[in-house]
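# Fold and geometry: a report
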Amino acid sequence: MHQMPLKLARSATGTASKGRPAAKAVVPLGGRRIAPQGGFTILELLVVISIMALATAGVSLAIRDNGGQQLEREAERLATLLESARAQARANGSLVVWRPMPQGFRFEGLPPGVKMPMQWLQTPVTVQPSTPVVLGPEPLIPRQTITLSLPDNSSPALQLVTDGLRPFKVQSLQGGRP
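Overview of the structure. (Residues numbered from 1 in each chain as written. Predicted model: local features only at pLDDT ≥ 70, side-chain atom pairs only at ≥ 80, totals over all residues. Heavy atoms only, no water.)

## Regarding the pattern of salt bridges
Close approach of charged atoms lets side chains of opposite charge pair. Counting across every chain of the model gives five salt bridges. Taking the shortest distance from any N to any O, the salt bridge between Arg-77 and Glu-74 comes out at 3.8 Å. Residue Arg-77 and its partner Glu-74 are both found in helix H2 (residues 67–92); the two are separated by three residues, about one turn of the helix. The buried category is assigned to Glu-74, whose relative accessible area is 4%. The partner of Glu-108 in a salt bridge is Arg-99, with the nearest N and O atoms 2.9 Å apart. With a relative accessible area of 23%, Glu-108 lands in the partly exposed category. Because the salt bridges share partners, they merge into one network encompassing Arg-99, Arg-106 and Glu-108. (Salt bridge = Lys/Arg side-chain N within 4 Å of Asp/Glu carboxyl O. Helix = DSSP H or I, 4+ residues; strand = E, 2+ residues; numbered from the N terminus. Buried < 20%, exposed > 50% of the residue type's maximum accessible area, 1.4 Å probe, protein only.)

## Structural notes on the pairing of strand S8 (residues 158–162)
For S8, a buried count of five out of five residues is recorded, marking the element as mostly surrounded by other parts of the structure. Side chains Leu-158, Leu-160 and Thr-162 project from S8 onto one buried face, and the interleaved Gln-159 and Val-161 project onto a second face that is buried too. In this structure, strand S7 (residues 144–149) lies alongside S8, joined through five bridges in antiparallel fashion. Its bridge partner being in S8, Ile-146 is matched across the sheet by Leu-160. (Pairing = 2+ DSSP bridges.)

## A short note on the sheet that holds strand S4 (residues 104–108)
Within a beta sheet, neighbouring strands are joined by backbone hydrogen bonds and run either parallel or antiparallel to one another. An order of S4-S3-S6 is seen for the three strands of this open sheet, with the pairing classed as antiparallel. Pairing within the sheet leaves two strands with one partner each, and these edge strands are S4 and strand S6 (133–134). With five bridges joining them, strand S3 (residues 97–101) and S4 adopt antiparallel strand pairing. Counterpart to Met-101 in the pairing with S4 is Gly-104. Set on the sheet, H2 makes contact with S3 and S4; between it and S4 the angle comes to about 10 degrees. (Contact = heavy atoms within 4.5 Å. Axes fitted to C-alpha atoms, helices over the stretch in contact; angles between N-to-C directions.)

So, in structure tokens, the structure goes:
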């Protein structure tokens, strides 16, 4: 491929209006003028995209959690707490019981130095059945199912289940992941 040598063209007067030099266009030696390319620079595009990303992040942070996300967070937290108490029961060889209360829950039988939360994170949660759950000291506990729901029924209920050997896991009442 043969490239044509380029030369710079000047306007007839050599200056543009108001005393500024005229823009120079690139002209190949063949005589045809090439118009300057219009458009945005990469820097301008990156600035616009950054501003859009910041605005999107601000809007998403401003939107509040819905009840389903709050209930799922409570269920995952409770599953972790139950497994932690279960491990403490096995390690210390003591009987540990989780008991739901009207405004929260309580772990009984933990060693004096172990402190566990006693209330829900934000909203009160309804627990069914409201009977205590035995977490140890035996490695194999009875099959357990705990159903959690919000009092206003703003989201579907979730279950914490274990077969007695595996850890507690959260699932929806339909049997899948929430």
